[in-house]
Number of protein chains: 2
Amino acid sequence: MHEVHDNIELGKKILEENDHIASHNREKFAEKKLYVVNLMGSPGSGKTSLLEKTIAALKDRKIGIIEGDLEGDDDRRRVEAAGAAQSVQINTAGACHLLATQVGHAFEHIEDGTIDLLFIENVGNLVCPADFDLGENAKVAVIGVTEGADKPTKYPLMFRKAEVLILNKMDILEQSGCSIEALKENIRKVNPEATVIELSSRTGEGVDKWLDWLQERA
Amino acid sequence: MHEVHDNIELGKKILEENDHIASHNREKFAEKKLYVVNLMGSPGSGKTSLLEKTIAALKDRKIGIIEGDLEGDDDRRRVEAAGAAQSVQINTAGACHLLATQVGHAFEHIEDGTIDLLFIENVGNLVCPADFDLGENAKVAVIGVTEGADKPTKYPLMFRKAEVLILNKMDILEQSGCSIEALKENIRKVNPEATVIELSSRTGEGVDKWLDWLQERA
């Protein structure tokens, strides 16, 4: 019992410290007039594909990407190939989410004036990243419809914290066996305020709605 | 720096304590002559569907399930409806993986002699559960081919720790756009020893290979 209590106290301390550093990040981003999106979702939900499509569509924008991965820089190479103006890799060495301090350090590698929009692609995980503020303007979660209609009520924190929920892989909705009505009903149960966008980051169908949302803000 | 160091030390301490409790669980399971599988994988990879198919196929076995979820007991209801002899729900209240101590307590709810095979369905997460021994005989990871071919090298710990890698959703492989050859090549890079089983927990195709693996051991 004591052990559990200690861990909860330490958990709180870690979150408080993270929130503190996140607010510093937020000030820095505001100073540079940068709109910052924290992109989250399960492994393979299509976060990087959506970034590729976004970069390709917004050719007049200078897009920076901070990539979070356990190991490697596959996704950073992908967004760079897609035309990102700047890309920085964070390797978490096994940790399951990004911390504000890692993002702050990564941001130091981006020179002033080289970007006008910043995406942070978090580690693929539908749980922990939701808890860690990075200083972003908006939390956006990407959900593959292949993950099933029951995810909102099973992973409620992520679905509550994200203001935009992107339902991806709509091109294989029928084959996936997922009921889109049940999925949206479950989303309404946990976050009735969320903006829900259905799209396919592979075919590009529906991506315009996402770009509209983004360009109204950034 | 000091803060990071403290967290690493504490992380080690948590893992050591968990390993200690896991070894107690392992002794208890061995005493009862129970084979125990720790089933892991991303949200929506098809862990519960595979359990449903497994329970339905092995009608002569008394299968117990310990379900790990952030909230709710949807999956416990599903495996009970499928015919599980016993099912116990653990709610982690936001935590992204099961701990050996939670499994130990859950196991106390299963009466002696009521089961002869035990599955622990971990929280949907391709990262953290890999680090936490629960006292199981085998770690099995379920990967949806819809998650993409690059997952083994991006989430190497899970792919290294699991002795069986189940490539699920083979019925929609073509539509998913995933190259099964690339996926298997990436698996070989991180864990050449793994048993790789391709199946569809929806259609049942290939499930016999999983049942064969299981019945050779349990």
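Residues numbered from 1 in each chain as written. Chains lettered and ligands numbered in written order. Predicted model: local features only at pLDDT ≥ 70, side-chain atom pairs only at ≥ 80, totals over all residues. Heavy atoms only, no water.

Student: I'd love a proper account of the overall build of chain A, names of residues and values included.
Tutor: Helix and strand counts for chain A stand at nine helices and seven strands. Taken over C-alpha atoms, the radius of gyration comes to 17 Å for chain A, in line with the 17 Å a tight globule of 218 residues would show. On the principal axes, the C-alpha backbone points of chain A span a range of 50 × 45 × 30 Å. Counting only residues that meet the buried cut, chain A has 55% of its 218 residues in that class. Summarising the internal contacts of chain A: among those between residues at least 6 apart in sequence, 73% fall at separations of at least 24. (Helix = DSSP H or I, 4+ residues; strand = E, 2+ residues; numbered from the N terminus. Rg over C-alpha atoms; globule rule 2.2 N^0.38 Å. Buried < 20%, exposed > 50% of the residue type's maximum accessible area, 1.4 Å probe, protein only. Contact = heavy atoms within 4.5 Å.)

Student: Provide a residue-level description of the interface of chain A and chain B, including the pertinent values.
Tutor: Taken together, the contacts link 38 residues of chain A with 38 residues of chain B. A combined buried area of about 3,000 Å² lies between chain A and chain B, and 52% of that area is made up of carbon and sulfur atoms. By the criterion of area lost to chain B, the three top residues of chain A are A:Pro43, A:Lys154 and A:Gln175, representing 19% of everything that side buries. Close ionic contact of B:Lys154 with A:Asp75 constitutes a salt bridge, the shortest N to O distance being 2.4 Å. (Buried area = accessible area lost by both parts, 1.4 Å probe. Salt bridge = Lys/Arg side-chain N within 4 Å of Asp/Glu carboxyl O.)

Student: Please provide a residue-by-residue account of the nonpolar core, values included.
Tutor: With 50 residues, the main nonpolar core has A:Phe159, A:Leu183, B:Phe159 and B:Leu183 as its most contacted residues. Where this core is concerned, the elements lending two or more residues are β5 (138–144), α6 (156–161), β6 (164–168) and α8 (180–190) of chain A together with β5 (138–144), α6 (156–161), β6 (164–168) and α8 (180–190) of chain B. The residues contacting A:Phe159, other than those within four sequence positions of it, are A:Leu126, A:Ile143, A:Lys151, A:Pro152, A:Leu165, A:Ile187, A:Val190 and A:Asn191. (Core = buried A, V, L, I, M, F, W, Y, C linked by side-chain atoms within 4.5 Å.)

Student: Go over the sheet that holds strand β7 (residues 195–198) of chain B, please, and point to the residues and values.
Tutor: All names here are of chain B. Pairing in this open sheet of seven strands is parallel, and the strands run β3-β2-β4-β1-β5-β6-β7 from one edge to the other. A single partner strand is all that each edge strand has here, and the edge strands are β3 (86–91) and β7. Shown here is a sheet whose adjacent strand axes are inclined to one another by a mean of 20°, direction ignored. Relative to β6, β5 runs parallel, the two being bridged by five bridges. (Pairing = 2+ DSSP bridges. Axes fitted to C-alpha atoms, helices over the stretch in contact; angles between N-to-C directions.)

Student: Can you lay out the relation of the copies chain A and chain B for me, pointing to particular residues and giving the numbers?
Tutor: The two copies are related by a screw operation: chain A maps onto chain B through 180° of rotation and 0.0 Å of translation along the axis, at an RMSD of 0.0 Å. Taken together, these values place the two copies in the relation of a two-fold axis. When you check the interface residues of chain A against chain B, 100% turn up at the interface there too, and the contact is symmetric in its surfaces. (Least-squares fit on C-alpha atoms with pLDDT ≥ 70 in both.)

Student: Could you give me a rundown of helix α4 (residues 100–107) of chain B, with the residues and numbers involved?
Tutor: For α4(B), a buried count of six out of eight residues is recorded, marking the element as mostly surrounded by other parts of the structure. Along α4(B), the residues classified as buried are B:Ala100, B:Gln102, B:Val103, B:Gly104, B:Ala106 and B:Phe107.

Student: Lay out the confidence of the model for chain A in plain terms, naming residues and giving numbers.
Tutor: Residue and element names in this part refer to chain A. Here chain A averages 95 in pLDDT, while 96% of its residues score no lower than 70. Across residues 1–5 the pLDDT falls below 50, and counting only partners more than four positions away or on other chains, this stretch makes one contact in the model. Two summary scores accompany this predicted model of the complex, namely pTM at 0.92 and ipTM at 0.88. (pLDDT = per-residue confidence, 0-100.)

Student: Account for the side chain of A:Arg61, with residues named and values stated.
Tutor: Residues and elements named next belong to chain A. Tracing the backbone through its elements, the reader meets Arg-61 in the loop between α2 (47–57) and β2 (63–69). A distance of 3.1 Å separates a polar side-chain atom of Arg-61 from the backbone oxygen of Asp-116. In terms of polar contacts, Arg-61 uses its side chain to reach the backbone carbonyl oxygen of Ala-218, at 3.0 Å. Excluding residues within four positions of it along the chain, Arg-61 makes contact with Asp-116, Leu-117 and Ala-218. (Polar contact = N/O pair within 3.5 Å; in protein donor to acceptor, adjacent residues only side chain to side chain.)

Student: Requested: an account of the environment of A:Tyr155, with residues and values cited.
Tutor: By secondary structure assignment, the location of A:Tyr155 is in the loop between α5 (151–154) and α6. Distance from A:Tyr155 to A:Leu126, taken between C-alpha atoms, is 6.9 Å for residues 29 residues apart in sequence. For A:Tyr155, the contacting residues outside a window of four places in its chain are A:Leu126, A:Val127, B:Pro43, B:Leu70, B:Val123 and B:Gly124.

Student: Give me the lowdown on the sheet that holds strand β7 (residues 195–198) of chain A, citing residues and values where you can.
Tutor: Residues and elements named next belong to chain A. The strand order across the open sheet formed by seven strands is β3-β2-β4-β1-β5-β6-β7, and the pairing between neighbours is parallel. Here the strands that pair on one side only, and so sit at the sheet edges, are β3 (86–91) and β7. Across the sheet, the mean angle from the axis of one strand to that of its neighbour is 20°, orientation sign disregarded. Note that β2 and strand β4 (residues 117–121) share five bridges and pair parallel. The partner of Ile-65 across the bridge, within β4, is Phe-119. Running over the sheet, α2 touches β1 (35–41), β2, β4, β5 and β6 and is turned about 170° from β2. Sitting on the sheet, helix α4 (residues 100–107) touches β2, β3 and β4, and the angle it makes with β3 is about 145°.

Student: Before we move on, could you go through the state of the cysteines and cite the residues and values that matter?
Tutor: In the structure shown here, the tally under the stated rule is zero disulfides over all chains. For the unlinked cysteine A:Cys96, the closest cysteine sulfur is that of B:Cys128, found at 3.2 Å. Exposure remark for A:Cys96: the relative accessible area of 9% places this residue in the buried category. With no disulfide of its own, B:Cys178 has A:Cys178 as its nearest cysteine by sulfur position, at a separation of 19 Å. By relative accessible area, which is 11% here, B:Cys178 ends up buried. (Disulfide = S-S within 2.5 Å.)

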